[in-house]
Each structure stands twice: as C-alpha cells, then as structure tokens.
Amino acid sequence: MGCCIVGCGKGLPALDVTNDELATLVDTSDEWISTRTGIRSRRISIEESSLDLAETAARQALGWEGALPGFEQQSAFAPEDIDLVLFATLTPDALLPSSAALLRRRLGLVNAVSFDLNAACSGFVYSLTVAEALMAASQAHVAGASGRNHYHRALVVGAERLSRITNWQDRNTCVLFGDGAGAVVVEWRDDAPGIISSYIKNDDDTTNSLVCPASFDSSFVFDQNGVNEIAIQDPAALLADASLDRIDEELGVIEGVAAGEPRQSIRMDGQKVFKFAGNALTNAVLEVLNRAELTLDDIALIVPHQANERIIKYAAKKLGLSLDRFQISIEHRGNSSAACVPMTLSDAYDSGKISPGDKVIMVAFGAGLTSGAVLYEA
Ligand code: UT7
C-alpha cells in the first residue's frame, strides 16, 4: 500500500526566448550559455500568471485535458475527489490568498485543504513528501488517524514565474531561469507501493550563496516614536523600513541594493551553489536508495532538478551511471525552480520512458539550502 502517482501534467508559457535574444540584453553568447549550462532557450510568461500555468498542469494531471501516456486508462477525477492541494512556489502571484487556495477555487476542488510551500527549487519534492506523510498518517490503521483529517487524493503542484524576480541586467543569473508549472495527482492505494522512500534535508546557506529579498511597496507610516506625522501627510517622504535594511545586511545584498540593483531579484554565487548541488543531488539519491534497501540497478530513471546539465553530468559520474538514466529537459526550459521536477517527470511519461512497475527517483536541491528525493514505483 502507498501513495501512488496517478496523473501528471505540465503548463508552459507561450513565449520562447533564445540565448541569442538574451545576448542583446547582456554580454553573453549562445556558445557560452549552451556549453556551460545545456540551455538554448527558455519560456517566459507575458500574460500567463503562475496560477494560469499551474491550472494547465493540474487539468492535465487530473485527466481533464490530454492525459499523458501511462495515465489514459485512468478515468478523470471529479473536483470533489481531491482532498489536499499542495502548491510549491517561490513566486506566488499574490501573498493572500495562497496560490493553492486560488487554484482550489479555479478548479472547484471543494473538499480540498490547500496551502503553499516554499522550499525553493526543492519545493515540489518537499511538497510530495509532506503530501505522502499526511496521507499515510490519516490511514485508518494508523494510531490516532481517527483524530486527523483524512486524505485520500492530493494534487501536488510546482509552479514559478522566475522571470518576475530575475535581474535581466545580471548575466550571472538571467541566462539560467525560465517559467513553467508541473503537477501530479497522488492517490492512496492498498494494492500498490507508490512512494517507497523519501528524504528531505536542510543545510545553512552560511555565505548567502542564493538569495532574493522580498519587496514591500506599501507606504509605511511609523517610526520608533509611533505614527510619524510627516508620513501621514506625505507617505512618499517616508519611510525607510529599518528592518529591511537589516535583512538586506543579513542577506549580503545591502551594497547592491544601495547601488541600484533591483531589490527583489535573485542573487547567486554560481560556483558555490554548483558545488553544493552536485553533492546534494548524489547524496539524496543514495539516501532514498538506502532507505528503500534498493540499489541503483533497481532504478529505471532519475528525474533531477534542471539547474545546469553539468550538475547532472557530475552526479551521473559520481554515481557511476550513464547519462541516459537521467531525464534531461533543460535545453528549451532552463531552471524553473519548483516546477522543474514535475515538468521533467511529465516529459518522461510523455516520451514513454516510465512503465508500470518501474522504480523512479525524483531529486532536487536549491536555496535554503534545501535538498531531497522521492523514490516511487510507477
Ligand atoms: O536551482 C538551483 C540554483 N542554481 C544552480 O544550481 C546553479 C549552479 N551554478 C551554475 O550552474 C554555474 O556556476 C553557472 C552556470 C552559474 C556559471 O558557470 P561557471 O562555469 O561556474 O562560470 P563562472 O561563474 O566560473 O564564470 C566563468 C566566466 C567568468 O568570467 P572570468 O572571470 O573567467 O573572466 C564570468 O564572468 O564566465 C563569465 N560569465 C559569463 N560569460 C558569458 C558568467 N556568466 C556569463 C554569461 N555569459 N552569461
């Protein structure tokens, strides 16, 4: 028995932006980007919100529009069948309500408990782990289950519009990111193992290697003495929110912000993140294998986070695997954070690379620092 993937889908924005187009924005080239990262183009949302992309992915995962190979036999779910929505994102369209609540409303998932989860690029793997844990804890045979909500089916989404928080003048980051969404439906089944093991882990990002401060636009009318009279007359005259300066200092961005960098944009020390990523990916794969008492020979496919093709090659070498054991979708997408893993999984189903009974590992790493993996039987 276990939490089984019973639907999968993805949603992409219409606009495709090539490396050559980015070379008109910053000092870069198609040659540099493609050889250093494996990326040739990425999708950028113009009119599509994160929620729009998530809705497209979710409709496919629910079997409402164009079920993927492997899931055609599965009849479409009714809206009331879903009792949990987990939405992994670091780029929600709104702070309130949550993206999960908005998606619930759009899709009419009237019975679903819904909330967002931010674990950066590992967000989907974290969300799937949480969904499985909630479902497992609510099964009738588990002690205390009768005192909890019961979860039988969950929609788990990763959706991002990283283009909104990318500094398009910074060649160290802007060539890497793209927008998109992916989703799965998971169902608790008594006759299949589904998710066999999972692993999530945090390390401190002691050097601020991957950060993005928030941005608060509303007028602030207080200072240490209470309401500031001048600010009431003219909010524009005020008011540096002192706490933001302190956070900028803590995140190591104060000088850049003072020099005019867009405050709410991703800053990354690429080499530090690269080193962390290669080891985190390898370690997470080995951990889920160990927890499941399986070996790499048992695994049909690894579906990794798509940050840089070289990171995947590094992990493949360390694990002693050929690259064809990994699903790689970075070429025309780039890195779309929490959306990467479910979109890449959907590519694997779409191209018939996952058959019933196959064991698959999804694995991710990202800001936080976060990392994790889920091993399941299809
Ligand atoms: O989702 C999780 C988070 N992200 C990641 O996992 C990303 C991890 N890091 C990486 O993928 C890589 O470190 C990058 C792709 C970001 C950078 O590749 P790299 O091979 O580590 O390059 P580098 O930072 O060592 O830079 C090499 C050179 C530098 O020039 P100099 O100092 O050697 O003259 C950079 O200024 O390449 C230069 N450079 C560029 N040149 C052309 C950096 N970005 C660009 C660019 N175009 N876009």
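All values derive from a computational prediction rather than experimental measurement.

Caption draft 1: Structural view of the site of the ligand. In the vicinity of the ligand there are 23 residues, among which Thr 28, Arg 36, Gln 271, Asn 308 and Asn 335 approach most closely. The separation between a nitrogen atom of the ligand and a polar side-chain atom of Thr 28 is 2.6 Å. Separating an oxygen atom of the ligand from a side-chain N or O atom of Arg 36 is a distance of 2.8 Å. About the coverage of the ligand: the protein hides 75% of its 950 Å² of free accessible area. Among the elements of the structure, helix H2 (30–37), helix H6 (171–174), helix H10 (270–292) and helix H11 (309–319) are those that each provide at least two residues to the shell around the ligand. Examining the composition of the shell around the ligand, we find that four residues originate from one element, H10, more than from any other. Residue composition of the shell around the ligand, grouped by class: 11 nonpolar, eight polar and four charged.

Caption draft 2: Fine view of a nonpolar patch on the surface. The grouping of Phe 220, Phe 222, Val 227 and Ile 232 at the surface amounts to a nonpolar patch, some 350 Å² of accessible area in total. In this fold, Val 227 is placed in strand S11 (residues 226–227). Classification of Val 227 as partly exposed rests on a relative accessible area of 44%.

Caption draft 3: Structural view of the packing of helix H3 (residues 50–61) against helix H4 (residues 99–107). At a minimum axis distance of 10 Å, the contact between H3 and H4 shows a crossing angle of 55°. As the angle between them shows, H3 and H4 are arranged oblique. For the pair H3 and H4, the sense of crossing is right-handed. Of the residues in H4, those touching H3 at Leu 51, Asp 52, Ala 54, Glu 55, Ala 58 and Arg 59 are Ser 99, Leu 102, Leu 103, Arg 106 and Leu 107. Here the contact of H3 with H4 is composed, by residue class, of six nonpolar, one polar and four charged.

Caption draft 4: View of unusual backbone geometry. At the junction of Leu 96 and Pro 97, the peptide bond is cis and its omega measures out at -10° in the coordinates. Take Pro 97: it is sitting in the loop between strand S4 (84–88) and H4. Although it is not a glycine, Asn 208 adopts a positive phi angle of roughly 55°. Relative to the helices and strands, Asn 208 is located in the loop between strand S8 (195–202) and strand S9 (210–211). Judged by relative accessible area, Asn 208 falls into the partly exposed class, the value being 26%.

Caption draft 5: Geometry of the sheet that holds S4. Spatially, S1-S7-S6-S4-S5 is the arrangement adopted by the five strands of the open sheet, whose pairing is mixed. Each having just a single partner strand, strand S1 (2–11) and strand S5 (113–117) make up the two edges of the open sheet. Direction aside, the axes of adjacent strands within the sheet are offset by 20° on average. Along the sheet, H3 contacts S1, S4, strand S6 (153–161) and strand S7 (179–189); its crossing angle with S1, the most-contacted strand, is approximately 125°. Along the sheet, helix H12 (residues 340–350) makes contact with S1, S6 and S7, crossing S1 at roughly 95°.

Caption draft 6: Expanded view of the pattern of salt bridges. Throughout the structure, instances matching the rule amount to 18 salt bridges. The salt bridge partner of Glu 55 is Arg 59, with a shortest N-O separation of 3.0 Å. In this pair, Glu 55 and Arg 59 are both assigned in helix H3, four residues apart and thus about one turn of the helix distant. Accessibility expressed as a relative area gives 16% for Glu 55, which makes it buried.

Caption draft 7: Main features of the domain arrangement of the protein. Partitioning the protein into domains gives domain 1 (2–207 + 268–377) and domain 2 (213–263). Taking only C-alpha atoms, the centre of domain 1 and the centre of domain 2 are 35 Å apart.

Caption draft 8: Quick peek at the side chain of Ser 163. Residue position: Ser 163 is located in the loop between S6 and H6. Contacts of Ser 163, omitting those with residues within four sequence positions, involve Ile 44, Ser 45, Trp 168 and Asp 179.

Caption draft 9: Molecular detail of H3. Taking 1.5 Å as the rise per residue, H3 with 12 residues should run 16 Å; its terminal C-alpha atoms sit 16 Å apart, in good agreement. Those residues of H3 that fall on the buried side of the exposure criterion are Ser 50, Leu 51, Leu 53, Ala 54, Glu 55, Ala 57, Ala 58, Gln 60 and Ala 61. Those residues of H3 that are buried are in contact with S1, S4, H4, S6 and S7. Immediately downstream of H3, the backbone of Gly 63 shows phi near 80°, a positive value.

Cut-offs and rules
Residues numbered from 1 in each chain as written. Predicted model: local features only at pLDDT ≥ 70, side-chain atom pairs only at ≥ 80, totals over all residues. Heavy atoms only, no water. Near = heavy atom within 4 Å. Polar contact = N/O pair within 3.5 Å; in protein donor to acceptor, adjacent residues only side chain to side chain. Areas by Shrake-Rupley, 256 points an atom, 1.4 Å probe, with all protein chains shown as cover. Helix = DSSP H or I, 4+ residues; strand = E, 2+ residues; numbered from the N terminus. Nonpolar A, V, L, I, M, F, W, Y, C, P; charged D, E, K, R; others polar. Patch = residues over 30% accessible without salt bridge, like charges linked within 9 Å, V, L, I, M, F, W, Y side chains within 5 Å. Salt bridge = Lys/Arg side-chain N within 4 Å of Asp/Glu carboxyl O. Buried < 20%, exposed > 50% of the residue type's maximum accessible area, 1.4 Å probe, protein only. Axes fitted to C-alpha atoms, helices over the stretch in contact; angles between N-to-C directions. Parallel < 35°, antiparallel > 145°, perpendicular 65-115°, else oblique. Left-handed = near helix turned anticlockwise from the far one by under 90°. Contact = heavy atoms within 4.5 Å. Pairing = 2+ DSSP bridges. Domains from an automatic or database assignment. Expected span 1.5 Å × (residues − 1).

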